[in-house]
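In case you want the letters, here they are:
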Amino acid sequence: MGNYLNIGNAGFKAVRKGLYVDKSGMIAFINESLGTMDKLTCVSRPRRFGKSFAAKMLCAYYDKSCDSKELFEDLEIAKAPSFEAHLNQYDVIYLDITWFISNAADIRDTVKNLQAEVVKELTEAYPQAPEASTLPKALSNVAQATGQKFIVIIDEWDALFREARQDTALQEEYIQLLRGMFKSSGQTDKMIEAAYMTGILPIKKYGTESALTDFREYTMATPRKLAEYVGFTEREVRRLCEEHQMDFAEARHWYDGYSFPQMESVYSPNSVMEAVKNREFGTYWTESGTYESLKLYIDMDEDGLKEAIVQMLGGAHCPIDIGTFQNDMTSIRRRDDVLTLLVYLGYLAYRAKDRTVSIPNEEVRQEFVRAVTVG
């Protein structure tokens, strides 16, 4: 096992030892995409919405360096016809972008360090492949020498866009790396069996074009088939409340409010879990950040933004055009850009059927009250 190549199943083992809600059904969805034209998946959700849990689950399931059958045999995925066929059958590369940022002496070295460290592990694992200085070339060399394909899992893929907001050169260097891996004509299909990226923001746009057009995106505005995996469903929360003698109506008041065409009621997962563990309802998700980040965007007051927030505090749904947002935190030009960003950050719920946004629940409402009233 390595730090990036075939990291094993320790992460998912730790998840299973705690209070756990079964989201393994998502694996069957990824299994269907393996080796197809739909093999590149990008899932964006707010912080504390289970992104890293899902990444650890996928690592444990696909990684051929470990035996994870016992971790999954009591879960939903074990009932799927594809379960045995893909269990622990692949070389998996796992990249936590926040790790590389945190361990770089200079954030501008992040992409360089990432490539050097992963290439080193690939060289050690596949000495028969010609050496390479870049990660895409190393993957290509391994594929050519051995026929081996990889599953690549990238957690917090957009962290550089959030941590180095103004460094466009670094962002472009990073995008070029991803393009080399996932948008290389004739090469990607030879070396990548599947890719799964998580982040808060959808893939960066340049004008109206996505920087990585071959990815299938599932976001807080358009979760599509993955809607039930965005957070907890009403059925899951009701079961938790029954098992732990908690008031389901109160749980709904505090943490429900995200709604999609495929799933009418989705709950903030971290908050539900914390409430069950502590046996007390309260503001758990918002405590993982600070109200200053929300206040920063409200204070822009683009096109009467503050007035729209006040209306939503009163229960209103505000119309929105999410199409102009460039999927970054710097290209904010109008009120709808701010509102769209707040959708992706989890502070607002988007309703596709009438293209409106609203404050989803009591937990988030209290955060908005603080941001609006504190000077």
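Heads up: the structure comes first, above all this text.
Model, not experiment: these values are computed from the prediction.

Overview of helix α12 (residues 234–243)
Working step 1: E236, V237, L240 and C241 are the residues of α12 that are buried. Buried positions in α12, seen along its axis, are confined to an arc of 135 degrees and lie on one side of it. In α12, the exposed positions that point more than 90 degrees away from the buried face belong to R235 and E242.
Working step 2: Residues of α12 that are buried sit in contact with β8 (232–233), α13 (248–255), β10 (263–267) and α14 (269–278).
Working step 3: Q245 occupies a position one or two residues after α12 and carries a positive phi of about 50 degrees.

A few points about the packing of α13 against helix α18 (residues 362–373)
Relative placement of two packed helices is described by the angle separating their axes and the distance separating the axes.
Working step 1: One way to put it is that α13 packs onto α18 with a least axis distance of 5 Å and a crossing angle of 40 degrees. The angle between the axes of α13 and α18 places the two elements in the oblique class. Where α13 abuts α18, its residues H253, W254 and Y255 lie against E362, E363 and Q366.
Working step 2: Considered class by class, the residues forming the contact of α13 with α18 number two nonpolar, two polar and two charged.

Some words on the pattern of salt bridges
Working step 1: The full count for this structure, using the stated rule, is 21 salt bridges.
Working step 2: Linking K120 and E124 is a salt bridge whose minimum nitrogen-to-oxygen distance equals 2.8 Å. Highlighted residues: K120 and E124, both in helix α7 (residues 110–125), separated by four residues, approximately one helical turn.
Working step 3: Residue K120 is classed as exposed on the basis of its relative accessible area, which comes to 53%.
Working step 4: Residues R370 and E367 are paired through a salt bridge, measuring 3.5 Å at the closest nitrogen-oxygen approach.

Regarding the nonpolar core
Working step 1: Counting 45 residues, the largest nonpolar core has I154, W157 and F182 as the members making the most contacts within it.
Working step 2: Counting residues per element, this core draws most heavily on helix α10 (residues 168–182), which supplies seven residues.
Working step 3: Ignoring anything within four residues of it in the chain, the contact list for F182 reads L40, V152, I154, T188, I192, A195, D214 and F215.
Working step 4: In this structure, I200, W285, L342 and Y347 belong to the second largest nonpolar core, which totals 39 residues.

Digging into the environment of L95
Working step 1: Relative to the helices and strands, L95 resides in strand β2 (residues 91–96).
Working step 2: Under the relative-accessibility criterion, L95 is labelled buried at 2%.
Working step 3: C-alpha separation for the pair L95 and D155, spaced 60 residues apart in sequence, amounts to 6.1 Å.
Working step 4: In this view, L95 contacts Y4, F100, L114, V118, I153, I154 and D155; residues no more than four positions away in its chain are not counted.

Examining the sheet that holds strand β13 (residues 356–358)
Working step 1: Taken in spatial order, the three strands line up as β11-β13-β12 in an open sheet, and their pairing is antiparallel. Of all the strands in the sheet, just β11 (318–319) and β12 (349–351) have a single pairing partner and so form its edges.
Working step 2: Taken together, the two bridges between β11 and β13 define a ladder with antiparallel strand orientation. Of the residues in β13, the one forming a bridge with P319 is T356.

Comments concerning unusual backbone geometry
Working step 1: Phi is positive for N6, which is not a glycine, with a value near 55 degrees.
Working step 2: Within the element layout of this structure, N6 appears in the segment before α1 (10–17).
Working step 3: Taking the relative accessible area as the measure of exposure, N6 reaches 9% and is therefore buried.
Working step 4: Residue N327 is not a glycine yet carries a positive backbone phi of 65 degrees.
Working step 5: In this fold, N327 is placed in the loop between β11 and α17 (335–345).
Working step 6: The class of N327 is buried, set by a relative accessible area of 6%.

What counts, and where the lines are drawn
Residues numbered from 1 in each chain as written. Predicted model: local features only at pLDDT ≥ 70, side-chain atom pairs only at ≥ 80, totals over all residues. Heavy atoms only, no water. Buried < 20%, exposed > 50% of the residue type's maximum accessible area, 1.4 Å probe, protein only. Helix = DSSP H or I, 4+ residues; strand = E, 2+ residues; numbered from the N terminus. Arc of directions from axis to C-beta. Contact = heavy atoms within 4.5 Å. Axes fitted to C-alpha atoms, helices over the stretch in contact; angles between N-to-C directions. Parallel < 35°, antiparallel > 145°, perpendicular 65-115°, else oblique. Nonpolar A, V, L, I, M, F, W, Y, C, P; charged D, E, K, R; others polar. Salt bridge = Lys/Arg side-chain N within 4 Å of Asp/Glu carboxyl O. Core = buried A, V, L, I, M, F, W, Y, C linked by side-chain atoms within 4.5 Å. Pairing = 2+ DSSP bridges.

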